[in-house]
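Residue-level listing of the chains:
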Amino acid sequence: MSSGWILCKPKFMESYETERLVEEFGNQKIEVKLIDPNEIDIFVNKENKQSILVNGKSLPLPSFVFPRTGSGTTYYIKAVIRHFERMGVTVINSSDAIDNVKDKLYSHQILAESNLDIPKTMLLKHPIDVEFVEKNIGFPAIVKTISGSYGRGVFLAETKKQFNQLLSMAELTKPNYNIIVQEFIKDTWGKDLRVLVVNNKVVGCMMRQAKDDDFRANITRGGEGFPYEVNEQIEWLSVESSKALNLDISGVDLLFDNGGYKICEVNSNPGFEGMEMFTKKNIASEIVSFIKLKVGINGQDN
């Protein structure tokens, strides 16, 4: 039986996504181990070792490695992923692709370079010229930390006064800080689209809508989901952004904008509990089928 490793931190080993992936790998006759990447030891030398140490024990190399660490990918975890790549193990998504999206500004630079529609975005460093922000972005404005997920680290400054209050709070936390400021797209208040892309193909799309008056629509923050028909623009933006960022599997968040859409952000470790729940799509099966194709597993015991 072919085997692979899912790299995830202990707190995510019993998550919906992890359990569904393990179930679907089993359904398609592929053995998987859940491995905490922080328990892997790396040895770098000129010999091409065909094993790796986990908790001090040497284990044979897996057929593939599937990192599920996303924005929580530390320098050490990234080094572990790159080590697998150097040893010839197939990795889904690659270390470079994870790097592309971990830094939100860098991912927007790549998307803009690829001529894909994104909100106006600025990187600001302390001390911040508020008048400059007002002139170039205006208010309301979205304020983001450099990395984050599930709607954490994302704030709305409706006025210049609120923006100054956010800055004062940031200074208390970290005197020298960097933040991202984006234009606020009014058409998307409390709603957005989450699109799942696997192997440059849209496999699921839903509209997320906040239940309260929150401007964020994340399911993890209590939002609702509804199946949403994929049109040509949704498909093009989602697939092209995934290609530009070199992602095998991605979650693309789209904002509603004057009858069209803009890319809010792209995730390398998308959750799909809401997608399966609200659209009735078998996202785990789509992911596992793609991994089989990429690794060259025929689905039979070998």
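Heads up: the structure comes first, above all this text.
Fair warning: this is a prediction, and the values are worked out from it, not measured in the lab.

Caption draft 1: Region of the structure containing the packing of helix α1 (residues 16-27) against helix α9 (residues 283-295). Two elements in contact, α1 and α9, have axes whose closest approach is 9 Å; the angle formed by their N-to-C orientations is 55 degrees. With respect to α9, the element α1 is oriented oblique. Crossing handedness for the pair α1 and α9: right-handed. Along the contact surface, α1 presents Arg20, Leu21, Glu24 and Phe25, while α9 presents Ala284, Ser285, Ile287, Val288 and Ile291. Its residues placed into classes, the contact of α1 with α9 shows six nonpolar, one polar and two charged.

Caption draft 2: Main features of unusual backbone geometry. Here the residue pair Ile92 and Asn93 is connected by a cis peptide bond, since its omega of -20 degrees sits within 30 degrees of zero. Tracing the backbone shows Asn93 in the loop between β7 (90-91) and α3 (95-102). In this structure, Pro140 follows Phe139 across a cis peptide bond, with omega equal to 5 degrees. Within the secondary structure, Pro140 sits in the loop between α5 (130-136) and β9 (141-144). Phi at Lys29 takes a positive value of approximately 60 degrees, unusual for a residue other than glycine. Looking at the element boundaries, Lys29 is found in the loop between α1 and β2 (31-35). The phi torsion at Asn115 lies on the positive side, around 65 degrees, for a residue other than glycine.

Caption draft 3: The arrangement of the sheet that holds β2 in detail. Pairing is parallel in the open sheet, where four strands are placed in the order β2-β1-β6-β7. Of all strands in the sheet, those bounded by a partner on one side alone are β2 and β7. Alignment of strand β1 (residues 3-7) against β2, held across five bridges, turns out to be parallel. Opposite Gly4, over in β2, you have Val32 as the bridge partner. Docked against the sheet, α1 engages β1, β2 and β6 (64-67), running at close to 155 degrees with respect to β2.

Caption draft 4: Quick look at the pattern of salt bridges. Per the stated rule, a full pass over the model turns up 19 salt bridges. As a salt-bridge pair, Glu31 and Lys33 come within 3.7 Å of each other at their nearest N and O atoms. Residue class for Glu31 comes out partly exposed when judged on its relative accessible area of 36%. By relative accessible area, which is 36% here, Lys33 ends up partly exposed. We note a salt bridge from Lys294 to Asp248, for which the minimum N-O separation is 3.6 Å. Here Lys294, found in helix α9, pairs with Asp248, found in the loop between α7 (232-244) and β15 (249-257); they are 46 residues apart in sequence, far enough to count as distant. Beyond isolated ion pairs, a larger network of salt bridges with shared partners links Arg20, Glu23, Glu24 and Glu276.

Caption draft 5: A look at the sheet that holds β9. As summarised here, the arrangement of the four strands in space is β8-β11-β9-β10, forming an open sheet in which the pairing is antiparallel. Bordering the open sheet on either side are β8 (121-125) and β10 (154-157), each of which pairs with just one other strand. Averaged over all adjacent pairs, the angle separating strand axes in this sheet is 30 degrees, with direction ignored. In terms of strand pairing, β9 meets strand β11 (residues 178-183) through four bridges, oriented antiparallel. Across the sheet, Val143 pairs through a bridge with Val181, a residue of β11. Contacting β8, β9, β10 and β11, helix α6 (residues 160-173) crosses the sheet at an angle of about 140 degrees to β10.

Caption draft 6: Expanded view of the packing of aromatic side chains. The full count for this structure, using the stated rule, is seven aromatic pairs. A centroid spacing of 5.7 Å and a plane angle of 85 degrees characterise the contact between Trp5 and Phe84, whose relative ring orientation is edge-to-face. Of this pair, Trp5 sits in strand β1 while Phe84 sits in helix α2 (residues 75-86); the two residues are 79 residues apart in sequence, bridging distant segments of the chain. Pairing Phe25 with Phe64 gives two aromatic rings, centres 5.5 Å apart and planes at 25 degrees, and the pair type is stacked. With a gap of 39 residues between them, Phe25 in helix α1 and Phe64 in strand β6 connect regions that are remote in the sequence. Grouping residues by exposure puts Phe25 and Phe64 together as buried. Within the aromatic cluster, the residues linked to one another by ring pairs are Tyr228, Phe256 and Tyr261. Its end group placed over the ring of Phe256, Lys191 keeps NZ or CZ at 4.8 Å from the ring centre.

Caption draft 7: The arrangement of the side chain of Ser15 in detail. You can see Ser15 is positioned in the loop between β1 and α1. A relative accessible area of 19% places Ser15 in the buried class. Polar contacts involving the side chain of Ser15 include one to the main-chain carbonyl oxygen of Phe12, which spans 2.9 Å.

Analysis parameters
- Residues numbered from 1 in each chain as written.
- Predicted model: local features only at pLDDT ≥ 70, side-chain atom pairs only at ≥ 80, totals over all residues.
- Heavy atoms only, no water.
- Axes fitted to C-alpha atoms, helices over the stretch in contact; angles between N-to-C directions.
- Helix = DSSP H or I, 4+ residues; strand = E, 2+ residues; numbered from the N terminus.
- Parallel < 35°, antiparallel > 145°, perpendicular 65-115°, else oblique.
- Left-handed = near helix turned anticlockwise from the far one by under 90°.
- Contact = heavy atoms within 4.5 Å.
- Nonpolar A, V, L, I, M, F, W, Y, C, P; charged D, E, K, R; others polar.
- Pairing = 2+ DSSP bridges.
- Salt bridge = Lys/Arg side-chain N within 4 Å of Asp/Glu carboxyl O.
- Buried < 20%, exposed > 50% of the residue type's maximum accessible area, 1.4 Å probe, protein only.
- Phe/Tyr/Trp six-rings, centres within 6.5 Å; stacked < 30°, edge-to-face > 60°.
- Lys NZ or Arg CZ within 6 Å of the ring centre and 35° of its normal.
- Polar contact = N/O pair within 3.5 Å; in protein donor to acceptor, adjacent residues only side chain to side chain.

The values are spatial; any link to function lies outside them.
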